[in-house]
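Report on the structure
Each chain, written out:
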Amino acid sequence: MRAFDIVIIGSGIAGGFLARQLRLACPDLGVLVLEAAEAMEDYKVGESTVEVAANYMVRRLNLGTYLYQHQLPKNGLRFFFDSPDRDLPLPRMSEIGSDHMPFHPSFQLERARLERDLVTMNRAAGAEVELGAKVVDVAIDGRGRHTVVYEQGGERREVACRWVCDASGRRHVLFRKLGVKVHKEARLNTAAAWGRYRGVAGLDAVTDAAWRSRARYTSRHLSTNHFMYDGYWIWFIPLAGDLMSVGVVFDKDRIGAGNAPAGNAPAGALPGPRTRAEFERFLGAHRAVRELLEGAELEDFQAYAHLPYHAEQYFSTDRYAVTGEAGAFTDPFYSPGSDFIATANEFITQMVLSDVRGDRAGFEEKAAAYDAYYRFKYDSTLRLYERMYPVFGSFELYRLKYLLDFNNYYNLVVWPFMADRVTDVGWIREELRFTDLVLRALSTMGEHFASLASDLRARGEYFAQNEGRFANGLNGVAQLETRLGPAIDERFRREQVDRAYGSVFAALVERRLGEQGLSDRARLVSELTLPQVLVFRDITPERLARLLQRIGERMTKELRDELPAVGIERIELGASGVISVTGPAEGTEAHADALSRAQALWAASAGSLAHIAL
């Protein structure tokens, strides 16, 4: 019986990347990859990558030259917003996006080509890759060697190994063999349908001069383009060659599926598509999408009836692990799938290396920490999406949501990955101390956004800013551009968390309560640190009044110290920015000086991210 250090089930990007990483990290490792497909030709969704996955591919897998030669560079995420009748032409849609290529790269992947090339690269690196090899049995022996049985060319074959890693995707080969339950996620009820089109002219073919100039003529075609609607979104992702991936992801609780609209669907909502015919009709009901697809041919079609799921464990001290969709999936919005692969593969590589070097204690320590962190990563990502779909159709709302999410992604996810902290057990333990805070923050902000979306619909203002506006999505992370790298500045990171939450929450308060000018006041935004934001379970005039009272008390103390001879007793901040000073008699010079100084303090700009991004 042949024996290997690790058998990897599946040679998609999860398994192919892992095999390459292991061979690069330790060329002596015996790696066998078993792929059920006879040839790597299957069209797969998940073409868009973001910064963590790109950093992993370039820095850890040394694929930078390959990616620029054979795949497409990505011009960030881009979002377009429509009228309630879905009839705006593309140049009139409000837009969030970049006006230049982002400072950290990402890529659009033609998956079948990449996976074929990974087979070639992995074989050249010394891994054995067997195609047409269907795994039919796995026996895990925590004290000895595992056994993997597969069928290939009509023959049944058996190999022994120290490690088994499942990268088989939604087939869940290992979990099925072990009887491990994969849980269908109930907190997010989304589905998807998609296909590849040939002959799509692309967004750069639009000739409107003003529309092209507002993004400084950068290539919108290279972006992951999202068309945003209440309860769903449509993607356009360019692929190398004359192909465009087009798909729709929808919340079945919001708009329903097939011919059955949800009970709480917005007026005029289309139920989400399940079949190829429904998919084409659905896309054709949106003017901008219909015009982009004019003359194009749909080459293939696929659909998933339900997207999110998770397991209870991903990495075991019995020396087995899962990566990619073999373990969990949340939602394709923000393209997190390849980030999950990068994280899981980093963890698996570190565990395997500790184990084969005989560091049992280090391996067990890593397995426990990594599994806890990966479960937290799933839960936090799921909560990010849990209440997002009712917000998607409003430029005004989603602009703020994206500011918060993008800032947190760069600061809390990308930076630690680039600095190699994500595999540091000590760092992970420290991060896990704040799991409750992070999860509460995600849920609390999600509730606030969903509540404001409901309010704006009731006021008839949900779509008010969906035409003719542009927000540069990169402006909200410009302060991080020169900071991301191998050195972590924890104080700066904490400051950025508070700044992001304070900026966005102040804007939500202003909009919810109609308090114009509130969201860029330094005194207020500085009070809204993350712990303070979590105190606001509801945004009400009473809660705002208590916050203003606290700010007024601090301003009172400050001005007493600054103007001791004036006799200031109290500074009060009222609705609509009204300030009153008690102590010096009204009409006196002392009162005028105190009032003027209080007004200046209250008027000071916070440099709010919500305003910078405009």
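It should be noted that the structure appears before, not after, this text.
Let me begin by describing the structure that accompanies this report. In this convention, every chain numbers its residues from 1, walking through the sequence in written order. Given that the model is predicted, a residue must reach a pLDDT of at least 70 before its local features are reported, and side-chain atom pairs must reach 80 or more before they are shown or counted; all residues, however, enter totals for whole chains, interfaces and linings. Each side-chain value is worked out from all heavy atoms of the structure, with water and hydrogens disregarded.

**What to know about the overall build of the chain**
Secondary structure elements are taken from DSSP: a helix is a run of H or I of four residues or more, a strand is a run of E of two residues or more, and numbering for both begins at the N terminus. Helices and strands together make up the secondary structure of the chain, namely 20 helices and 22 strands. A compact globule built from 614 residues should have a C-alpha radius of gyration of about 25 Å, and the chain, at 27 Å, falls within 12% of that. By principal-axis analysis of the C-alpha atoms, the chain measures approximately 100 × 60 × 45 Å. To sort residues, take the accessible area from a 1.4 Å probe on protein chains only and compare it with the maximum for the residue type: under 20% means buried, over 50% means exposed, and anything in between is partly exposed. In the chain, buried positions account for 58% of the 614 residues. Every residue pair with non-hydrogen atoms within 4.5 Å of one another is taken to be in contact. Across the chain, contacts joining residues at least 24 apart in sequence account for 74% of those joining residues at least 6 apart. Accessible surface, the chain: about 23900 Å² in total, of which carbon and sulfur atoms supply 47%. Each charge class in the chain was averaged separately, 75 positive and 82 negative side chains, and the resulting centres sit 2 Å apart. The reference for a compact globule is 2.2 Å times residues^0.38; the radius of gyration itself is calculated from the C-alpha atoms. Residue exposure ignores everything except the shown protein chains as possible cover, and the areas themselves are Shrake-Rupley values with a 1.4 Å probe. In this tally, Asp and Glu contribute negative charge and Lys and Arg positive charge; neither His nor the terminal groups of the chain are included. Where a charge lies is defined by one atom per residue type: Lys uses NZ, Arg uses CZ, Asp uses CG and Glu uses CD.

**Quick word on the packing of helix H12 (residues 395-418) against helix H15 (residues 490-513)**
When two helices pack together, their arrangement is given by the angle between the helix axes and by the axis-to-axis distance. Axis definition: a line fitted to C-alpha atoms, over the contacting stretch in the case of helices. Angles run 0 to 180 degrees between N-to-C directions. At a closest axis distance of 10 Å, the pairing of H12 and H15 adopts a crossing angle of 170°. Considered as vectors, H12 and H15 are oriented roughly antiparallel to each other. Here Glu396, Leu400, Leu403, Leu404, Asn407, Asn408, Asn411, Leu412, Trp415 and Pro416 of H12 lie close against H15, whose contacting residues are Phe492, Arg493, Gln496, Val497, Ala500, Tyr501, Val504, Ala507, Leu508 and Arg511. Class assignment of the residues belonging to the contact of H12 with H15 gives a composition of 13 nonpolar, four polar and three charged. Every angle not falling under 35 degrees, over 145, or within 65 to 115 is termed oblique; those three ranges are roughly parallel, roughly antiparallel and roughly perpendicular. Asp, Glu, Lys and Arg are counted as charged, while Ala, Val, Leu, Ile, Met, Phe, Trp, Tyr, Cys and Pro are counted as nonpolar; the rest, among them Gly, fall into the polar class.

**Observations concerning the packing of aromatic side chains**
Between the rings of Phe, Tyr and Trp (Trp by its six-membered ring), a pair exists once the centres lie within 6.5 Å; its type follows the angle of the planes, with under 30 degrees stacked, over 60 edge-to-face, and the other angles tilted. Under the criterion given, the structure shown has 40 aromatic pairs. With centroids separated by 4.1 Å and ring planes inclined at 10°, the aromatic side chains of Phe347 and Tyr370 adopt a geometry described as stacked. One end of the pair, Phe347, is in helix H10 (residues 337-356); the other, Tyr370, is in helix H11 (residues 360-386), with 23 residues separating them in the sequence. One exposure class covers both Phe347 and Tyr370, and it is buried.

**A few points about the pairing of strand E2 (residues 31-35)**
Counting buried positions along E2 yields five of five residues, so the element is predominantly enclosed. Side-chain alternation along E2 places Val31, Val33 and Glu35 on one buried face and Leu32 and Leu34 on a second face that is also buried. Across four bridges, strand E1 (residues 2-9) lies against E2 in parallel orientation. Pairing of Ile6 across the sheet is with Val31, part of E2. Following DSSP output, two strands are said to pair if at least two bridges run between them. Here E2 runs beside strand E7 (residues 128-131); their pairing, made up of four bridges, is parallel. Paired with Leu34 across the two strands is Glu130, which belongs to E7.

**Quick look at the side chain of Thr224**
With respect to the element layout, Thr224 can be found in strand E13 (residues 224-229). Filtering out sequence-adjacent residues up to four positions away, Thr224 remains in contact with Ser48, Lys74, Gly76, Leu77, Arg78, Gln108, Phe236 and Ile237.

**Topic: unusual backbone geometry**
Unusually for a residue other than glycine, Asn62 sits at a positive phi of about 55°. In this fold, Asn62 is placed in the loop between helix H2 (51-60) and helix H3 (64-70). On the accessibility criterion, Asn62 (59% relative accessible area) is exposed. Non-glycine residue Ser335 carries a positive phi angle of around 55°. You can see Ser335 is positioned in the loop between strand E19 (320-322) and H10.

**Some thoughts on the pattern of salt bridges**
Here a salt bridge means any side-chain nitrogen of Lys or Arg lying within 4 Å of a carboxyl oxygen belonging to Asp or Glu. Within the structure shown, the criterion is met by 48 salt bridges. Here Asp379 ties to Arg187 by a salt bridge, and the two come within 2.7 Å at their closest N and O atoms. Separated by 192 residues along the polypeptide, Asp379 in helix H11 and Arg187 in the loop between strand E11 (183-184) and strand E12 (190-198) bring together distant segments of the chain. Among the residues examined, Asp379 registers a relative accessible area of 18% and is labelled buried. Notably, a salt bridge pairs Asp455 with Arg512, separated by 2.4 Å at the nearest N-O pair.

**Observations concerning the nonpolar core**
Buried Ala, Val, Leu, Ile, Met, Phe, Trp, Tyr and Cys residues that are joined via side-chain atoms within 4.5 Å together make up what is termed a nonpolar core. Formed by 125 residues in total, the largest nonpolar core has its most connected members in Ile8, Phe17, Phe79, Phe315, Phe333, Tyr334 and Tyr398. The dominant element in this core, judged by the number of residues it contributes, is H11, at eleven residues. Not counting the four nearest positions on each side in its chain, Tyr334 is found in contact with Val50, Leu77, Phe79, Leu384, Tyr385, Met388, Tyr398, Lys401, Tyr402 and Asp405.

**Brief notes about the environment of Gly247**
As for its position among the elements, Gly247 is in strand E15 (residues 243-251). Residues Gly247 and Ala590, spaced 343 residues apart in sequence, show a C-alpha to C-alpha distance of 66 Å.

**Section: the state of the cysteines**
Structurally, a disulfide amounts to a covalent bond that connects the sulfur atoms of two cysteines. Two cysteine sulfurs form a disulfide in these notes if their separation is within 2.5 Å. In the structure shown here, the tally under the stated rule is zero disulfides. Not part of a disulfide, Cys161 finds its nearest cysteine sulfur in Cys165, a span of 11 Å. Judged by its relative accessible area of 0%, Cys161 falls in the buried class. Accessibility expressed as a relative area gives 0% for Cys165, which makes it buried.

**A look at the sheet that holds strand E5 (residues 94-97)**
Pairing in this open sheet of eight strands is mixed, and the strands run E16-E12-E15-E14-E13-E4-E5-E20 from one edge to the other. Each edge of the sheet is formed by a strand with only one pairing partner; in this case those strands are strand E16 (297-304) and strand E20 (470-472). Neighbour-to-neighbour, the strand axes of this sheet turn through a mean angle of 15°, independent of strand direction. Pairing between strand E14 (residues 232-239) and E15: eight bridges, direction antiparallel. Note on E15: the bridge partner recorded for Trp233 is Val249. Where helix H8 (residues 276-284) meets the sheet, it contacts E12, E14, E15 and E16, and its direction lies at approximately 110° from that of E16. The strands touched by H12 are strand E4 (77-81), E5, E13 and E20; relative to E5, the strand with the most contacts, the crossing angle is about 5°.

**Looking at the environment of Leu174**
Within the element layout of this structure, Leu174 appears in helix H5 (residues 173-178). Taking relative accessible area as the criterion, Leu174 reaches 0% and is therefore assigned buried. Each C-alpha atom, one on Leu174 and one on Arg156, is 18 Å from the other, the two residues being 18 residues apart in sequence. Among residues more than four places away in sequence, those in contact with Leu174 are Val138, Ile140, Val164, Asp166, Tyr320, Ala321 and Val322.

Spatial relationships are all this shows, so hold off on functional conclusions.
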